[in-house]
Amino acid sequence: MASSDITLEAVPSIGDISPEDWDACANPGGRCNGAGAGTSSVPPGDSLGLSRPAYNPFVSHAFLSAAEKSGSATIRTGWGPRHLVAKLGGHVAGIVPCYLKSHSQGEYVFDRGWADAYERAGGRYYPKLQVSVPFTPATGPRLLVRDGVDRERIMEALASGLVALCGVSKASSVHVTFAREDEWKLLAGHGFLQRTDQQFHWHNEGFASFDDFLSTLNSRHRKSIKRERRDALAAGITIHWLTGKDITKDAWDAFFEFYMETGSRKWGRPYLTREFFSLIGESMSEDVLLVMARRNNRWIAGAINFIGSDTLFGRNWGAVEHHPFLHFEVCYYQAIDFAIKRGLKHVEAGAQGEHKIARGYLPRTTHSAHFIADPGLRRAIDDYLKRERAYVAEAGRELTELGPFRKGIDEAP
């Protein structure tokens, strides 16, 4: 790329960027899912340690395009695409998946209190800019940069571009959620406030089998998990892993029924359309794992997972029959079992849920960065976030101590 000039523009659709250019930025290492060997090499001259991320299915063109094409993430649903593109010598060098939003739904990093306070004071919080994967509380890259360019320079340009886009869009703020920690630190240098939260993730210590994992737990939790797994299948239920071509239309129809039943109870209106699942089935089924439960020759429950190069990402769950511990079996234990068999390093089981600790999922810090245009609102939020970060750090330490793992070598496995 001969020219050294960086130009920035915001586009209203992912369709305005070719899949090849998008994926070269989003996953520069290529499609390498489920191999347990995500890359983390630091490019030469990368003084900030901005390592190339492992393969992440959520920032792929296929996933985000499905969200837009299916009508799940559009202006009509309050997710107006404003993807920021950096070009070097006329060629795409970096991208930020960004949306102009008219509400705070489907984000999992909650700022409704900020919006209410600002609007009570006479301000206008919406629209705001949201840098995220819609409806997906999973950590991943947000400032996407292709190989072969000065990574640090392009990321700095994208960060500055978000601040400029905030002004041009007349937005109150920019929110970069579930970012990587290196991006979080870089954004702080551009005036973004730092926020933390926690999720519960499982880590693979090189286990050869699920029993190998169980042997690291204390006796009480080990026996409890064995009992839960046995009781979950007591009604003649069988569990099936479906991925790639094994995911039939019948399986998608059944899973969508589960998704709608659970989503309607939790949120009132589920976010994803039936077409979304068809589109990802067509374009990225090798990145999908459906864990499905069957009884009396029909599907009765299931969970959808996405497969990265070193992480299994648990997403949505649903059921039309409810059996004791089936949720834990389908969502948590089967995910661990799959990760062990694939050699994956981590399982991210989604947002919230301290009950996951007893199942071997421990607290992990998540990061978000927030640019607030109004100085008064910014000062108030900055003060709040300082106290919140201290609370999150202390809560993480306390919850880790409550983990189910054996504390001493004298405890028999």
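Above this note sits the structure.
Residues numbered from 1 in each chain as written. Predicted model: local features only at pLDDT ≥ 70, side-chain atom pairs only at ≥ 80, totals over all residues. Heavy atoms only, no water.

Novice: Whenever I open this one, the pattern of salt bridges confuses me. Can you help?
Specialist: Pairing between side chains becomes possible if they bear opposite charge and their charged atoms approach one another. Per the counting criterion, the structure on display carries 18 salt bridges. For Glu107, the salt bridge identified is with Lys128, shortest N-O distance 2.9 Å. Within this pair, whereas Glu107 is found in the loop between β5 (98-101) and α3 (112-120), its partner Lys128 is found in strand β6 (residues 128-131), the two being separated by 21 residues in sequence. There is no split in this pair, since Glu107 and Lys128 are both buried. Glu388 is paired through a salt bridge with Arg195; the nearest N and O atoms lie 2.8 Å apart. Residue Glu388 is found in helix α11 (residues 375-401), and its partner Arg195 is found in strand β9 (residues 193-203); the two are separated by 193 residues along the sequence. Side by side, Glu388 and Arg195 carry an identical accessibility label, which is buried. Within the structure, one salt-bridge network assembled from shared partners comprises Lys101, Glu107, Asp111 and Lys128. (Salt bridge = Lys/Arg side-chain N within 4 Å of Asp/Glu carboxyl O. Helix = DSSP H or I, 4+ residues; strand = E, 2+ residues; numbered from the N terminus. Buried < 20%, exposed > 50% of the residue type's maximum accessible area, 1.4 Å probe, protein only.)

Novice: Sorry, what's going on with the sheet that holds strand β7 (residues 144-145) here?
Specialist: What holds strands together in a sheet is hydrogen bonding between their backbones, with the strands either parallel or antiparallel. An order of β1-β3-β4-β7 is seen for the four strands of this open sheet, with the pairing classed as antiparallel. At either margin of the open sheet sits one strand with a lone partner, and together these are β1 (6-11) and β7. With respect to the sheet, helix α4 (residues 151-168) is in contact with β1, β3 (83-88), β4 (91-96) and β7, its orientation differing from that of β1 by roughly 45°. (Pairing = 2+ DSSP bridges. Contact = heavy atoms within 4.5 Å. Axes fitted to C-alpha atoms, helices over the stretch in contact; angles between N-to-C directions.)

Novice: Help me understand the pairing of strand β15 (residues 362-372), please; the structure alone is not making it clear to me.
Specialist: Moving residue by residue along a regular strand, the side chains alternate between the two faces of the sheet. Of all eleven residues making up β15, nine are buried, and the element is well covered by its neighbours. In terms of strand pairing, strand β8 (residues 173-179) meets β15 through five bridges, oriented antiparallel. From the neighbouring strand, Ser173 faces β15, where its bridge partner is Ile372. Pairing of β9 with β15, which is carried by nine bridges, proceeds in the antiparallel orientation. Within β15, the residue paired with Phe200 across the bridge is Pro363.

Novice: Even after reading the chapter, I still don't get the packing of α4 against helix α5 (residues 181-188), so can you show me in this structure?
Specialist: A pair of packed helices is characterised by two quantities: the angle between their axes and the separation of those axes. Direction vectors running N to C along α4 and α5 enclose 60°, while the axes themselves pass 10 Å from each other. In terms of orientation, α4 and α5 fall into the oblique class. As for the relative orientation of α4 and α5, their crossing is right-handed in sense. Here Met155, Glu156 and Ala159 of α4 lie close against α5, whose contacting residues are Glu183, Leu186 and Leu187. Of the residues in the contact of α4 with α5, the class split is four nonpolar, no polar and two charged. (Parallel < 35°, antiparallel > 145°, perpendicular 65-115°, else oblique. Left-handed = near helix turned anticlockwise from the far one by under 90°. Nonpolar A, V, L, I, M, F, W, Y, C, P; charged D, E, K, R; others polar.)

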